[in-house]
Amino acid sequence: MFENIVDPTVGPGAGAQRRPVALADRPASLRGLRLGLLANTKRNAEQFLADVGTVLAGDYGMRVVLARKKPNIVETAPEPIMAELGEQCDVVVTGVGDCGSCSASAVADGLLLEQAGIPAVVICSDAFTVSADAMAYLRGAAGYRYVTTPHPVANLTPEGVQSRAAAAVPAIVALLTEPAMAASA
Amino acid sequence: MTSEVTDPVAQAKAAIEYCYEQGWTDGLPVVPATAADVAACLATTGRDGDEVISSQPHLSRSVTVAQAAANAIMAGCKPEYFPVVLAAWQAVCLERASRGAWQSTSGPAPLIIVNGPVRSRLGVNYAGGVFGPGFRANATIARAIGLIVRNGYGIHPQELEQATQGLPGRWSVCIGENEEMSPWEPLSVVGGVAPGTDAVSAILIRTCEYVDNRSTDSAAAVLTDFADSLARLGAYVGGAHSSGGLVLGPEHAQLLGNAGYSRADVQEWLFEHAVRDRSDMVAAGKGEHAVADADHGGPFRMMPAAQDIPIMVAGAANAAMSMVFRPFGWAAWSRQSVPVGYAEERS
């Protein structure tokens, strides 16, 4: 009856979610693998990832070979940083998605790395799972799994960050070694 | 039922409900748009409907002129408003902070300012009750921006949009500048557009707060009152400075103009005086940035550079009150106004 009403959502890219992305193959073991850390500019993000790296190095025999901070919380990481990570790392941990834009953006970073063949684990705070999931859907990876940590992260003390990072490690290890999709998209 | 199908009012309601069911509305009823409506909008601009006018690459989404037209109609715009909507959208996109604004927990609103003769032609209110409601052009041009974000970019509340509280009237803040009662050049001239030209400016804001001061004829006293509101601790979110701007009521503007203040003088005065003691910042738990280069004391300038304190004039000259507004992010304003482009020049 209303077929002559214009659909205002139809435009370039509106069907982007219909192009499914392929995720990277998971390694059998993490021992000896080169780990990259990709932080955003949110408070405590770099420290959180550094503490994760320390545990992964100490307990799982990984080597932290690269730590980078992307300049903009909205956009995905610039190409030069992505290229460095792709060339020098076997796996990457990225985050912390603890705001509206940066949670979605962290998932976008993770998926770009996955498409480049690098297993990636995204860390988001549990207040922003909806926007993280929405970005996974937009990018053709509905069901992409990531690690959550309780919100907020920005106001944690250094000791608090360390403890949170340690608590996140088992889930990070699981996502680096197990299928990264909750279900086939 | 037959009566529902043939009754034009029932049909109109059903079409509105249809739009709700598609998820196309901001919560209020929309005007269903047809291809003829879109064509009528395009005819006012002479632009190609398929022309892409903005993109959000991180979302893989772009917006075309035709999409903007459909959303403008849905917002309630007349086709002749459409060139103003396009200029407003371009002005919004010139704001550096607009990339992430629609997803941000801050939930900012575009403050849209219209200058030039187009205000009278379209009935854009710039006088009494300028922040609304009651004026179709103001209400629908602002609303069109929100619908373009929703339907063009696919950014929906509680999904990709993560506003913690948002702010009242997020998609309703479009004002004309009261050029006739301003002692200074139009804001669009500050924004680089020739005087007398129809133009739109946009600034993303997080709140508005009134300054009511009908008690003095002293310019310095009124400026002191403004500076106090501009220096409010709650608006400071960290970093080198806070942000602020003013929509001056005509009475305040003329008080300042008659006292010999140019717009730049006002900006400079506010930059110098919107200051907090660093100990205030520390007391509010916000000392991290403010004390980085000093001990716990001494002044902290809350405003960015003087030129980044946007100042305009709007409202009625019936009481001495003005509005402080709070730009989103640290980039203040692009200081680029956008000329309104009609398909053919009007006399």
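Conventions and cut-offs
Residues numbered from 1 in each chain as written. Chains lettered and ligands numbered in written order. Predicted model: local features only at pLDDT ≥ 70, side-chain atom pairs only at ≥ 80, totals over all residues. Heavy atoms only, no water. Salt bridge = Lys/Arg side-chain N within 4 Å of Asp/Glu carboxyl O. Helix = DSSP H or I, 4+ residues; strand = E, 2+ residues; numbered from the N terminus. Buried < 20%, exposed > 50% of the residue type's maximum accessible area, 1.4 Å probe, protein only. Pairing = 2+ DSSP bridges. Expected span 1.5 Å × (residues − 1). Contact = heavy atoms within 4.5 Å.

K.L.:
Account for the pattern of salt bridges, naming residues and giving values.
P.N.:
Residues and elements named next belong to chain B. Scanning all chains against the criterion turns up 18 salt bridges over all chains. Taking the shortest distance from any N to any O, the salt bridge between Asp 308 and Arg 335 comes out at 2.6 Å. Within this pair, whereas Asp 308 is found in the loop between strand E8 (299–301) and strand E9 (311–313), its partner Arg 335 is found in the loop between strand E10 (321–327) and strand E11 (338–339), the two being separated by 27 residues in sequence. By relative accessible area, which is 18% here, Asp 308 ends up buried. Here Arg 335 falls in the partly exposed class, since its relative accessible area comes to 27%. Through salt bridges with shared partners, a single network forms among Arg 119, Glu 179 and Glu 180.

K.L.:
How would you sum up the pairing of E10(B)? Please name residues and give values.
P.N.:
All names here are of chain B. In terms of burial, E10 is largely enclosed, as five of its seven residues are buried. Sheet analysis places strand E6 (residues 245–248) next to E10, joined by three bridges and oriented antiparallel. Bridge pairing in E10 places Leu 246 opposite Val 324.

K.L.:
Report on the pairing of strand E3 (residues 109–115) of chain B, specifying residues and quantitative values.
P.N.:
Residues and elements named next belong to chain B. Counted residue by residue, E3 has seven buried out of seven residues, so it is predominantly covered. The alternating pattern of E3 places Ala 109, Leu 111, Ile 113 and Asn 115 on one face and Pro 110, Ile 112 and Val 114 on the opposite face, and all of these are buried. Bridging between E3 and strand E5 (residues 199–212) involves seven bridges; their strand directions are antiparallel. Within the sheet, the bridge partner assigned to Val 114 lies in E5 and is Val 200. As judged from the three bridges shared by E3 and strand E4 (residues 174–176), these two strands associate in the parallel manner.

K.L.:
Account for helix H5 (residues 158–177) of chain A, naming residues and giving values.
P.N.:
Helical geometry note: an α-helix holds 3.6 residues per turn, so side chains three or four residues apart project in the same direction. All names here are of chain A. Here H5 is 20 residues long and its end C-alpha atoms lie 28 Å apart, about the 28 Å a rise of 1.5 Å per residue gives. Along H5, the residues classified as buried are Gly 160, Val 161, Arg 164, Ala 165, Ala 168, Val 169, Ile 172, Val 173, Leu 175 and Leu 176. In the core, the buried residues of H5 are packed alongside helix H1 (45–60), strand E3 (91–97), strand E4 (120–125) and strand E5 (147–149).

Everything listed here is a matter of geometry and, on its own, says nothing about what the molecule does.
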